[in-house]
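Letter by letter, the chains look like this.
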There are 4 protein chains.
Amino acid sequence: MTETGRAALFFGPGKPFALTELPVPEPEPGALVMRVTRANVCGSDLHIWRGDGALGARARDDGRLIGHEMTGVVHTLGDGVTHDWAGTPLAVGDRIVCQYFAPCGRCRPCLRGRSEACVNSGRVFLGRPSDFPYFRGSFGDYFYIHPTMAVFRVPDAVSDASAAGVNCALAQMVMALERGEVGMGDRVVVQGAGGLGLYATALAKERGAEQVVVIDGVAERLEMARRMGADEVVDLREYADAKARVARVRDLTDGGGDVVCELVGHPSVIEEGLRMVAPAGRYLELGTFYPGSTAAVDPGVLVMRNIDLRSVSFYDAWSLQQALGFLARHGERLGLGSASVEFGLEEIDSAFAAQDAGQVARASIVM
Amino acid sequence: MTETGRAALFFGPGKPFALTELPVPEPEPGALVMRVTRANVCGSDLHIWRGDGALGARARDDGRLIGHEMTGVVHTLGDGVTHDWAGTPLAVGDRIVCQYFAPCGRCRPCLRGRSEACVNSGRVFLGRPSDFPYFRGSFGDYFYIHPTMAVFRVPDAVSDASAAGVNCALAQMVMALERGEVGMGDRVVVQGAGGLGLYATALAKERGAEQVVVIDGVAERLEMARRMGADEVVDLREYADAKARVARVRDLTDGGGDVVCELVGHPSVIEEGLRMVAPAGRYLELGTFYPGSTAAVDPGVLVMRNIDLRSVSFYDAWSLQQALGFLARHGERLGLGSASVEFGLEEIDSAFAAQDAGQVARASIVM
Amino acid sequence: MTETGRAALFFGPGKPFALTELPVPEPEPGALVMRVTRANVCGSDLHIWRGDGALGARARDDGRLIGHEMTGVVHTLGDGVTHDWAGTPLAVGDRIVCQYFAPCGRCRPCLRGRSEACVNSGRVFLGRPSDFPYFRGSFGDYFYIHPTMAVFRVPDAVSDASAAGVNCALAQMVMALERGEVGMGDRVVVQGAGGLGLYATALAKERGAEQVVVIDGVAERLEMARRMGADEVVDLREYADAKARVARVRDLTDGGGDVVCELVGHPSVIEEGLRMVAPAGRYLELGTFYPGSTAAVDPGVLVMRNIDLRSVSFYDAWSLQQALGFLARHGERLGLGSASVEFGLEEIDSAFAAQDAGQVARASIVM
Amino acid sequence: MTETGRAALFFGPGKPFALTELPVPEPEPGALVMRVTRANVCGSDLHIWRGDGALGARARDDGRLIGHEMTGVVHTLGDGVTHDWAGTPLAVGDRIVCQYFAPCGRCRPCLRGRSEACVNSGRVFLGRPSDFPYFRGSFGDYFYIHPTMAVFRVPDAVSDASAAGVNCALAQMVMALERGEVGMGDRVVVQGAGGLGLYATALAKERGAEQVVVIDGVAERLEMARRMGADEVVDLREYADAKARVARVRDLTDGGGDVVCELVGHPSVIEEGLRMVAPAGRYLELGTFYPGSTAAVDPGVLVMRNIDLRSVSFYDAWSLQQALGFLARHGERLGLGSASVEFGLEEIDSAFAAQDAGQVARASIVM
């Protein structure tokens, strides 16, 4: 008799998730099966749930297993899997995190050391839950870890609540600040103090940034940003318009941020953000990550100021390892992961509704 | 009695240049005075002449000396000036080229090794011809070379006609391909086969590009691109729309250019060009260099493909030196500089009109 | 009945190779079996054959299959192998080249995008020919290509004689010049005009080097270097000592090479070579690649001149792909691969003896 | 009547300094005169004083003004000097620090953005105190700041005692860690817990290093290293030999440091240190900075492990600015500058003797 596990399937915007049982897969050589212990509702999950844009359009109405921000424990080790990607031994029951996409190692970006831009890494999302390996998303009892997905043991100092955010938001920000070359002495501006923005703030300070300026319109979020190390905060509500905000940020940073991060997720902030970049600085585009929207950009402003716009979607294995290390060093002190509100898997509809309504900062499904 | 020289002053769009005499300045310590031998009409000169956008708006109607793409000979050496910036001895009469802007060496970009993005380098353009150092533009008999403007002796193998394009178009492209990290094995797409595009083609091959694809709508320009080393050309007229052009380029490059260069100078080509970039590739924005226009950009497309947009305005001293070296090695073979049509300084109105009408590829004022 | 193939086993310095038959392995999923068509005798093979230093000491006397510089055709494709690492379809009989070591993708260097420094990539050399996968070296009819060894189809324009040198010497030099950041305008000095030195010369020009200076003591080799694009050659025999050679090179390069490459393979040339490096330049150490020798280095000279010494052993998949692309573009014109002298597998003892005695530039075993 | 100031002239090893009066120079345009308030005895001053090696040999016995690690206040501003290199206004009496060497901006390293490796920056050390600008060293009442020496206003939060070490030791370490690309997640090993080693420790943590391991043989120094943020210390006295120390460091770092810094100043530690570097790691050579000694290096070990050795002598203006910023953020907390023992200028002989004898960690001449 095959072992099975629960999975909450998604049938399209406006429809309730349906709990079902799926077979627990046998891992191929090099693969693992993880038993999921905690899965967060990420912003992109909400986009799918709402049917927003290209991401929403991609959702099928035949019952798919979505979700990707999670942590768990080793359930089964495939042949040849004895250690994690940092060389630490792995045993059944060990707490782990993993990439939720699978870089191929052979496409042009992969060959050039840019596995975060792999053109094939999303193939593992495709397929019905009735087909092997069944568990392709995090909103279920198990998750299938393909051989090329990086997996790391979670240090004891890192709680499950903290670890659950590592393999999406935090690793993503680690990658982004690396691509943005944030370094000692830099002035960094963060548009948006949501989860990504708070991580960006803490990470920029960890990398030696001289100054981090955070922009948001919610007092509690700005307060959190201060706790993460923000040197200055800009409350949107105190400024009449984009021009006034740009002037304020340029004044605080003495000419603009060496790096400005778009973590709002709305294309309207991009033009404003680009004007906050210092000459020869970088604008990191992460927030508005799915196709289908338009930003108006004045190329002459970019050229005259020699500004780079750098875009980042996924992350590489090193970023995931560094995200974990950062949590082990600073997670406790910064209180990362503390904002989660827990739901059971059978409460997943409520979890999505609550996060969509802004009633909770971070809904976390605990299996 | 003060020595004087001719200068063709600009009084605004639609008005003729006026020839006048200005005093030849005495160089301060570290400065030089160049006697201009040849000055090209650059695309940005045309923008000013026509009154286009921000650049046109910046022109004053009180008689200014414009122009910047030029070559000449040493007229006077200031105290302490004995060698060019490559360490070659300089004497009166030596053929030279120089930066036409003056990096300050002390602003934040300069301190970080990005002197091409100096925030003060354009200050030398400001000021009336009646004030020292009088000769601030190239359309006159002399040009004042400030102490922080890089100056290089022109190798004998490089003709005046070739050298005249070095300190603007060619050095600019050298800088851009450096910032775009064009290297061995890269596939490079060039939008626009004007002067910049032809230089880009030849330079990309010099850097070891595997493939250069050039897009234009004029047969002679595509033919020239072939001569510069283009592996493939795309004739705009053969494709119905941007979508068809993007498909063609993606097909030729097996997924897009590792680097795509915008050298058309019209914001409408940017969205199309961004779709021609390979995942993890770079889009080099140079063409649409003055503020005042708008490009519609889909940030989600950039993110999903991890694309960088890098902007380049001026260039550093090393780029100028490399541009000269490139000309010495390949200028003759490639026939660079051969497209110029010569005018006297008193014919400057005709020169601008001819280039504006497209009757000449490159109008060159010979003093 | 199991299919078998010939293998020339090595039993230690001074002993003849012994031809034996080994089973042709069945490839695991992701692996391939190559039928070797041509295998060169590389310098490191000679070291093993002679029993030189650490490399020689590593050789076992129980009969091992050595050799690694080769080309061949697809004999069997493992499950899931349908394309090469550039995305080109693969079929039985297709001409291919491959890495001869297997980066793990999970060690610290691999995670940081430095797979050429993988700490586990040499594990595939270990093991007796009596154990699966039997064919671990090139001096036999087959070679087992592990799933993480990069494999590329050989373009039609590249002959077998050229292709045989790709997966060691040429890919190694591609990697080295990348790590040495050889770029447009650089002055490059090459110590030693053997196979590596000739490749270095041609590749440096391909990358836009302004000047390549090659040092050797054999007239034919210097002549070959000229044919590869060397701008200047320095004949060792014309200079009294290291001091004179350093002076000559500094004079030719106007202060030293931006990059100097050690391709002689003797530690005595290192001190001399370091003195040929320009301030802020790089010294690429490849030649003296196996432990057990000593170079005397004056650290104060390095510091005062801000010199980097960069070491390179293996190469990454991208370098192999680029090496093939370079051959396709320039191999014919440069006559690369033309220096090989062919031997049958049963003549392998003569092949080694001839190359050891310097009677042939490159002994190539043709199966 | 010309204003004068005191200067302690050096007449050679073993001879007492002689106090004399020199004219206070009038600054040329772009230059400044600083009134020195505090000058440290740096390790390289001791080398000169003792007559060690090449540095000692360079000292003249005709009475020279040496010294370079210092802080002071603006005494006179040359024409055109209104701001420091960060754009902060400057007035007479403002506390400042400056580069003690003068990058030319025009040599090959300068043109390539490597002004720390300028081949001309030491020219300002040359010349007798009887010739303009007289005050070429720090052991006097004034110091002449040439136009190309970077100068920065000292923030109020930084004490004179802290500021005095900025323009040599601290800026040097900022530059070195930049060249060594020390970043988030790196494991850093520091050989030697003297002034440079302590700065290296604190700076590596500031840049996000995961682990810093410090090696020394003096308990108080290791204790200080802990206070600067060292995660692990290795007491030389507890290990039998280099092999045991290498084993300990490799064990602590799980294979070696991503970056290892030589800050001991003796070539004998280099071979040992190179064996402490992780595969694909960097060895930073700063300590043994003057020519005349020899380190035995096994090139095969470097190659097999793909190790870079990077050498750093001076620093660029950005590093000096960042050093000041680091002090402003962390100097107070870390107690940097607290180890100085003060001497008057007339006590300079005692100051050198005390530091030479190890009686004081840092002798500081207070004017």
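Cut-offs and rules
- Residues numbered from 1 in each chain as written.
- Chains lettered and ligands numbered in written order.
- Predicted model: local features only at pLDDT ≥ 70, side-chain atom pairs only at ≥ 80, totals over all residues.
- Heavy atoms only, no water.
- Helix = DSSP H or I, 4+ residues; strand = E, 2+ residues; numbered from the N terminus.
- Buried < 20%, exposed > 50% of the residue type's maximum accessible area, 1.4 Å probe, protein only.
- Domains from an automatic or database assignment.
- Buried area = accessible area lost by both parts, 1.4 Å probe.
- Salt bridge = Lys/Arg side-chain N within 4 Å of Asp/Glu carboxyl O.
- Polar contact = N/O pair within 3.5 Å; in protein donor to acceptor, adjacent residues only side chain to side chain.
- Nonpolar A, V, L, I, M, F, W, Y, C, P; charged D, E, K, R; others polar.
- Contact = heavy atoms within 4.5 Å.
- Phe/Tyr/Trp six-rings, centres within 6.5 Å; stacked < 30°, edge-to-face > 60°.
- Pairing = 2+ DSSP bridges.
- Least-squares fit on C-alpha atoms with pLDDT ≥ 70 in both.
- Axes fitted to C-alpha atoms, helices over the stretch in contact; angles between N-to-C directions.
- Parallel < 35°, antiparallel > 145°, perpendicular 65-115°, else oblique.
- Left-handed = near helix turned anticlockwise from the far one by under 90°.
- Lys, Arg positive; Asp, Glu negative; His and termini not counted.

Caption draft 1: Inspection of the environment of B:L126 at higher detail. Mapped onto the elements, B:L126 comes out in the loop between α3 (108–111) and β6 (142–145). According to the relative accessible area criterion, B:L126 is exposed, its value standing at 59%.

Caption draft 2: Representation of the domain arrangement of chain A within the structure. All names here are of chain A. One can read the domain layout of chain A as domain 1 (4–164 + 337–366) and domain 2 (173–311). Each of domain 1 and domain 2 has a C-alpha centre, and these two points are 29 Å apart. Interface area, domain 1 with domain 2, both sides summed: about 630 Å², of which 64% is carbon and sulfur. Area buried by domain 1 at its contact with domain 2 is led by H47, A54 and E116, which between them contribute 45% of it. In this assembly, domain 1 and domain 2 are joined by 1 salt bridge. Note that R179 is salt-bridged to E116, the shortest N-O span being 3.8 Å. Our enumeration of links across domain 1 and domain 2 arrives at 1 residue pair in polar contact (both at pLDDT 80 or more). Of the residues forming the side of domain 1 that touches domain 2, the biggest block, 3 residues, is contributed by helix α2 (residues 53–58). In terms of residue class, the side of domain 1 that touches domain 2 is made up of 2 nonpolar, 3 polar and 3 charged.

Caption draft 3: Representation of the interface of chain A and chain D. With 16 residues of chain A at the interface, the matching set in chain D holds 16 residues. Taken together, both faces of the contact between chain A and chain D bury some 1200 Å²; the carbon and sulfur share is 52%. At the boundary of chain A with chain D, the tally comes to 0 salt bridges. Remark: the boundary between chain A and chain D carries 2 residue pairs in polar contact (both at pLDDT 80 or more). Secondary structure elements with two or more residues in the side of chain A that touches chain D: α6 (195–206) and α11 (317–334) of chain A. Ranked by the residues each element gives to the side of chain A that touches chain D, the list is headed by α11(A), at 4 residues. For the side of chain A that touches chain D, a count of residues per class yields 7 nonpolar, 3 polar and 6 charged.

Caption draft 4: Fine view of the packing of aromatic side chains. Counted under the stated rule, the structure contains 56 aromatic pairs over all chains. Judged by centre distance (5.3 Å) and plane angle (70°), the ring pair of A:F289 and A:Y290 falls under edge-to-face. Of the two residues examined, A:F289 and A:Y290, each falls in the buried class. Measuring from ring centre to ring centre gives 4.9 Å for D:Y100 and D:F101, while their planes differ by 90°; the resulting arrangement is edge-to-face. As far as burial versus exposure is concerned, D:Y100 and D:F101 are alike and both buried. In textbook terms, an aromatic cluster arises when at least three aromatic residues are bridged by ring pairs, as seen for A:F10, A:F17, A:W49, A:F139 and A:F352.

Caption draft 5: Highlighting the pairing of strand β9 (residues 211–216) of chain D. All names here are of chain D. Burial analysis of β9 places 6 of its 6 residues in the buried class, the great majority of the element. Side-chain alternation along β9 places Q211, V213 and I215 on one buried face and V212, V214 and D216 on a second face that is also buried. Direction of pairing for strand β8 (residues 187–191) relative to β9: parallel, over a ladder of 5 bridges. The partner of Q191 across the bridge, within β9, is I215. One ladder, built from 4 bridges, connects β9 with strand β10 (residues 232–235); its direction is parallel.

Caption draft 6: The interface of chain D and chain C, seen in detail. Every contact between the two is made by 43 residues of chain D and, on the other side, 44 residues of chain C. Across the chain D to chain C interface the summed buried area is about 3500 Å²; carbon plus sulfur atoms make up 52%. On the chain D side of the interface with chain C, the three residues burying the most area are D:R108, D:V303 and D:N306, jointly 18% of the side's total. The shortest N-O distance in the salt bridge between D:R112 and C:D258 comes to 3.7 Å.

Caption draft 7: Structural context of the relation of the copies chain D and chain C. Once chain D is rotated about the relating axis by 180° and shifted along it by 0.0 Å, it coincides with chain C to within an RMSD of 0.0 Å. Seen this way, the second copy is the image of the first under a two-fold rotation axis.

Caption draft 8: Region of the structure containing the packing of helix α5 (residues 166–179) of chain B against helix α6 (residues 195–206) of chain B. Residues and elements named next belong to chain B. Contact pair α5 / α6: the axes reach a minimum separation of 9 Å and the direction vectors enclose 50°. The angle between α5 and α6 falls in the class oblique. At the point where α5 passes α6, the crossing takes the right-handed sense. Residues A169, L170, M173, V174 and L177 of α5 touch α6, and the partners they reach there are L196, Y199, A200, L203 and A204. For the contact of α5 with α6, the per-class residue count stands at 10 nonpolar, no polar and no charged.

Caption draft 9: Looking closely at the packing of helix α1 (residues 43–50) of chain D against helix α12 (residues 348–356) of chain D. Residue and element names in this part refer to chain D. The interhelical angle for the contact between α1 and α12, taken along N-to-C directions, is 105°, at an axis separation of 11 Å. Taken together, the axes of α1 and α12 are roughly perpendicular relative to one another. Here D45, L46, W49 and R50 of α1 lie close against α12, whose contacting residues are F352, A353, Q355 and D356. Classifying every residue of the contact of α1 with α12 by side-chain character gives 4 nonpolar, 1 polar and 3 charged.

Caption draft 10: Inspection of the side chain of A:E262 at higher detail. Residues and elements named next belong to chain A. With respect to the element layout, E262 can be found in strand β11 (residues 257–262). One buried charged side chain, E262, makes no salt bridge at all; its nearest oppositely charged neighbour is R221, positioned 10 Å away. E262 has contacts with Q191, V269, I270, Y283, L284, E285, L286, G287 and T288, leaving out every residue within four places of it along the chain.

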